[in-house]
Structures are given as structure tokens and as C-alpha cells.
Amino acid sequence: MASQQRKAISVLSMNTIAFTACFAVWVMFSIIGIPIKQLLTLNDTQFGLLIATPILTGSLVRLPVGMLTDKFGGRIVYFVLMCAMLIPLWFIGDATQYWQFLVLGLFVGIAGASFSVGIAYTARWFPKEKQGFAMGIFGAGNAGAALTKFVAPTLVVTYGWTMVPKVYAVGMAVVVILFWMFTYEDPEHKVSKTITIKDQLAALKDPRVWKYCQYYSLVFGGFVGLSLWMTKYYINEYGFDLTTAALLAAIFVLPSGVIRALGGWFSDKYGAYKVTWWVMWISWVCLFFMSYPQTAVTVKTINGPVTLDIGLNVWVFTVLLFIVGIAWGFGKASVFKFLSDEYPDNIGVISGIVGLAGGMGGFLLPIMFGAMKDITGVNSTVFMLLYGATCVSLIWMHYTFAREHQEHDMEIAKEHAVDEYVKSHENPEEYAAAKAAVEQAHLLEELITKYTESKEKAKLEANDMRLRQLKAAAVDTLE
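Residues numbered from 1 in each chain as written. Predicted model: local features only at pLDDT ≥ 70, side-chain atom pairs only at ≥ 80, totals over all residues. Heavy atoms only, no water.

1. Remarks on the overall build of the protein chain
Counting its secondary structure elements, the protein chain contains 21 helices and two strands. Summed over its atoms, the accessible surface of the protein chain is roughly 23,500 Å², and 67% of this surface lies on carbon and sulfur atoms. (Helix = DSSP H or I, 4+ residues; strand = E, 2+ residues; numbered from the N terminus. Areas by Shrake-Rupley, 256 points an atom, 1.4 Å probe, with all protein chains shown as cover.)

Structure representation (C-alpha cells):
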């Protein structure tokens, strides 16, 4: 029989492989959507809806799937989820009308819910001090988006776009079989049967959960949105063909997925807050420059007008995009480190809520990208939108964490002052004893106060009961 550690490693490995395959399927329309757009003569808003439709289902299903994972365990939920997408995935290649692509995309989109299952299933196999790194390794399955960038364009050019979903369906079937063979279940990882759906959904009332939803809607939603959009962006903005544009987009997608494991390690070592804070600032700086549109300025000189082209060339732009991808890879890991630290007992539900928010960001952003481009005609409005979202995240993070850090710093300062006082006096033992006595006296005073209040309350209740009894006796006498 395999040891617990060996089981944990096997589960982590298969979870990561399965998530990589699911993510590749989830963003498949980012590549096949381009020839479909030409085939159906879609505008940019319709194209944005087409590539974002699978993201909608994957987002909405994340919460119920996370709840099912807490109840029934990750292995069976993950297996059923992957099986359910195989048939609609196969038939995408046979679709001919816009509505057919949208409907099949909705069914295939459940692949995105694999994250909620896998993150909870993975976390429970590891101790708390290693959960950040383990979840980071699992989250590296985001690199499945890069897999699509490498594989799908080649299939499109060689065999046509209709071959892509069929090849993906066969590959997914192989992954499903391997997953069932090399994963395990532990009954202790399930929540108590007495826990109801109402108990699980109580987490929605926690304001901290909504804070983490906002962060994740940027670092993960932005990642998904750009993964879907960047191939088309390179084609429109810089004039590349499909294969080259997809490879350049992979420079953003692949590192952002793989680096998530390192982000988990950093979050374990330095704390989720510090990592997330730096992620937001780095994103803010890069997106500021990427937001600037390609501009031509004509300056009148004594020798005649001189035209200056102002804007990022493709290489500077790609370097900034690469940095944003790395930052968001760290951010995706650090947000879930927050969750594993604060919600260890119901991480399936919490990851479902936060994952839903991130997925909804990935669904809405491509549609907004397309609409803004149709309205303004400016490609870089994509990054203007993301820049604004980053500003909101920074402001929210500053004010929500400021009080917690002030209290923490005051406590550290108080302890430091006590230590310095003890070191500078001749009899530190006497001071420590006096300090302990004062603290005990303070606790004793609180106890006496509470006892006195309870005693008075009991006395009032006894008097009230006595009066009611006398009134009842008087009524009986009169009758």
C-alpha cells in the first residue's frame, strides 16, 4: 500500500496534469475563434463573446463544484467533471452556426471549474506550511493556455480548425483514464455530513472573501482575458500571422502559469500580503506604459513638419507583457495562500467563491475588450481597462489592510519597549513579575465586573419572576 506522502505526490501530479488539460480546452476558442470569426464574419464584440462563453460556465460552476468537493471528495467530482465535457468537445468541430458554437462552448466551459476541485483536493493532502507551494504547483496548470498557443495553431494550419477540438477530446479521454488510475481518496478530507448548504454559503457574508475576490478577478481574470485576446491583439496591432502571434502570446501565458509554483513558495516564506502588494505595484507600472496607444505627432519646425511615432514597439511591449504575466503568476498563488491560511476547513467553498469571481473577470474582460475596441478603434484600451482595475485593487488593499498592520505594528512596538526596559534595569525579573501581576489584576477586575453584572441581572430576573407569581396568585384568589 502506498504511503501517505506518496499518495499526496501522486494526487498533486495527476491534479496538475488534469488541470493543464482542462485549461487548454477552456481557452481553445482563443485560437480556433480567429478562423471562426472570418468564417462567420463576426465583429470584435461578437468575437469577444465567442471566446468568453466557455469562461462563463467555468466561472458559474466553480462554487457548486467547490461545495461538492467538500462534501464528496475531490477524486470523484474531478472525474465526473472531465467526463462530462468530452462529448460536447468532440462536436465543436461539426458546428456551423454562431449559436451552435455558443451553446457547445457553454458545455465545454465546465473545464474551468476543475480549478475549484483541484485546489481543494490538493490542499488537503499537505500540511499548512507546505500548502502554498503545493497549490502553486497545481496552479501551474494555467500553462495549459500556453499549450493551446503551441499546439492549436499548428493543427489549424496543417489540418484546419475543425481538427483541434477532436484532437483535444481524444487527449482529454486519455487524461481521464490516467487520473482515475493514479489518484486516491481520503474520507477525512470531507466535511461532516451535518454541514448544510446554508452553512457552506455563510462564507458569502464574510467581507474578507469579497476582498480576495476582487484581487483574483484581476490577477486570474486578467490572465484569462489576455490569454484569450493576445493572439488577436498581436495580429491587429503589429501585423503578425496566426502562428507567430500565438507564439508571442505564449511569452505571456507560459511563464505566468509555470511561475505560480514559485509564487506559492514565496507566499509561504514571506507571507501572502507582502507578495500580493508587490504584484499590484508592478502591474500598475507596466500597465501604465502598455496603455499608451500608437501615436503619430507632427511637429512644425523651421525645416518643415516632422512626424514622430510615439508608442511601444513590439519587443518593448512583449517584455512588459512578460513582466505582467510573471507578476500575475505570483498573485494567483498569493491570493490562495490567503485562503488556505484563513479558511482551512472549508477551502472548497471559499476557493469556489473566489475562483468564480476570477472566472467572471475572465468572461467579462474579452467582451469589454471587444466592445471598447469597436467603440474607440484603439487596441490599447484593453490595457487602459486593466490599469484602472489595478488602481482599484491597490486602493482597496491599502485601506483594508492598513488597520490590521497598524495594530500588528503597535503590538510589536509594545513588546519591543518592554524588552528594552527589562534590559536597561537592574532587576528585570521584578519588573516582569510586576507586569504579570498587573495583567492578572486587570483580568481579575474584568472577571469581577462581569460577575457583578451577571449577579445584578439574575437578581432583576428573580424579582420579576416573583412579581409575576404574586400577580398570578392574586388573580386566582379573586376568582
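2. Digging into unusual backbone geometry
Even without a glycine there, the phi angle at T41 is positive, about 50°. Along the chain, T41 turns up in the loop between α2 (29-40) and α3 (44-60).

3. Things to note about the nonpolar core
In terms of nonpolar packing, the biggest core is built from 128 residues, with Y78, M82, L226, M290, W328, V354 and F383 touching the most fellow members. For L226, the residues in contact, after removing those within four places along its chain, are F252, L321, W328, F369, V382, F383 and L386. (Core = buried A, V, L, I, M, F, W, Y, C linked by side-chain atoms within 4.5 Å. Buried < 20%, exposed > 50% of the residue type's maximum accessible area, 1.4 Å probe, protein only. Contact = heavy atoms within 4.5 Å.)

4. Examining the packing of helix α13 (residues 207-219) against helix α18 (residues 314-342)
At a minimum axis separation of 9 Å, α13 and α18 run at an interaxial angle of 160°. On the basis of the axis angle, α13 is roughly antiparallel to α18. The two elements α13 and α18 meet at a crossing, and its hand is left-handed. Across the interface between the two elements, R208, Y212, Y215, Y216, L218 and V219 from α13 touch W328, G331, K332, V335, F336, F338, L339 and E342 from α18. Grouping the constituent residues of the contact of α13 with α18 by class yields 10 nonpolar, one polar and three charged. (Axes fitted to C-alpha atoms, helices over the stretch in contact; angles between N-to-C directions. Parallel < 35°, antiparallel > 145°, perpendicular 65-115°, else oblique. Left-handed = near helix turned anticlockwise from the far one by under 90°. Nonpolar A, V, L, I, M, F, W, Y, C, P; charged D, E, K, R; others polar.)

5. Examining a nonpolar patch on the surface
A surface patch of nonpolar side chains, amounting to about 880 Å² of accessible area, comprises I87, W90, F91, V170, V174, I177, L178, M181 and F182. For the nonpolar patch, the secondary structure elements donating two or more residues are α6 (86-91) and α11 (163-181). Broken down by element, the nonpolar patch gets its largest block of residues, five residues, from α11. By the secondary structure assignment, I87 is in helix α6. Classification of I87 as exposed rests on a relative accessible area of 59%. (Patch = residues over 30% accessible without salt bridge, like charges linked within 9 Å, V, L, I, M, F, W, Y side chains within 5 Å. Salt bridge = Lys/Arg side-chain N within 4 Å of Asp/Glu carboxyl O.)

6. Describing the environment of Q4
One can find Q4 in helix α1 (residues 4-26). On the basis of relative accessible area, Q4 is assigned to the partly exposed category, the value being 45%. Apart from the residues lying within four places of it in its own chain, the contact partners of Q4 are W125 and D186.

7. Quick look at the pairing of strand β1 (residues 295-301)
In this sheet, strand β2 (residues 304-310) lies alongside β1 in antiparallel orientation, the contact comprising seven bridges. Each residue of the ladder has a partner; that of A296, found in β2, is D309. Two successive antiparallel strands, β1 and β2, enclose a turn made up of two residues. (Pairing = 2+ DSSP bridges.)

8. Observations regarding the packing of α13 against helix α14 (residues 221-238)
Two numbers describe how α13 lies on α14: the axes approach to 3 Å, and their chain directions differ by 20°. Comparing their axes, α14 and α13 come out roughly parallel. Of α14, the residues touching α13 (which contributes Y216, S217, L218 and V219) are G221, G222 and F223. Considered class by class, the residues forming the contact of α13 with α14 number four nonpolar, three polar and no charged.

9. Some details on the environment of I259
Take I259: it is sitting in the loop between α15 (242-258) and α16 (260-270). The spatial distance from the C-alpha of I259 to the C-alpha of G329 is 5.6 Å, given a sequence separation of 70 residues. When neighbours within four sequence positions are excluded, I259 is seen to be in contact with I326, G329 and F330.

10. Points about the side chain of T390
Within the secondary structure layout, T390 lies in helix α20 (residues 381-424). In contact with T390, other than residues within four places in its own chain, are L218, M280, S283, W284 and L287.

11. With respect to α13
Here α13 is 13 residues long and its end C-alpha atoms lie 19 Å apart, about the 18 Å a rise of 1.5 Å per residue gives. All of the buried residues along α13 are V209, K211, Y212, C213, Q214, Y215, Y216, L218 and V219. (Expected span 1.5 Å × (residues − 1).)

12. Quick word on the side chain of T148
Relative to the elements of secondary structure, T148 occurs in helix α10 (residues 144-159). Side-chain polar atoms of T148 contact the side chain of Y168, separated by 3.0 Å. Not counting the four nearest positions on each side in its chain, T148 is found in contact with A24, V27, M28, S30, I31, P153 and Y168. (Polar contact = N/O pair within 3.5 Å; in protein donor to acceptor, adjacent residues only side chain to side chain.)

13. What about the packing of aromatic side chains?
As enumerated under the stated definition, the model contains 36 aromatic pairs in all. Here the aromatic rings of W277 and W281 are separated by 6.1 Å at their centres, their planes lie at 80°, and the arrangement is edge-to-face. With W277 and W281 both in helix α17 (residues 272-290) and four residues apart, the pair spans about one turn of that helix. Aromatic rings pair up to connect F19, F23, W26, F115, F138, Y216, F220, F223, F252 and W328 into one cluster. Above the ring of W180, the side-chain terminus of R75 is found at 3.7 Å from the ring centroid. The aromatic ring of F223 is capped on one face by K332, whose charged end is 3.5 Å from the ring centroid. (Phe/Tyr/Trp six-rings, centres within 6.5 Å; stacked < 30°, edge-to-face > 60°. Lys NZ or Arg CZ within 6 Å of the ring centre and 35° of its normal.)

14. Here's the deal with the environment of L308
With respect to the helices, strands and loops of the structure, L308 is situated in strand β2. A relative accessible area of 42% means that L308 is categorised as partly exposed. As a C-alpha pair, L308 and T298 span 10 residues in sequence and 6.2 Å in three-dimensional space. When near neighbours in sequence (up to four residues on either side) are disregarded, L308 contacts T295, A296, V297 and V299.

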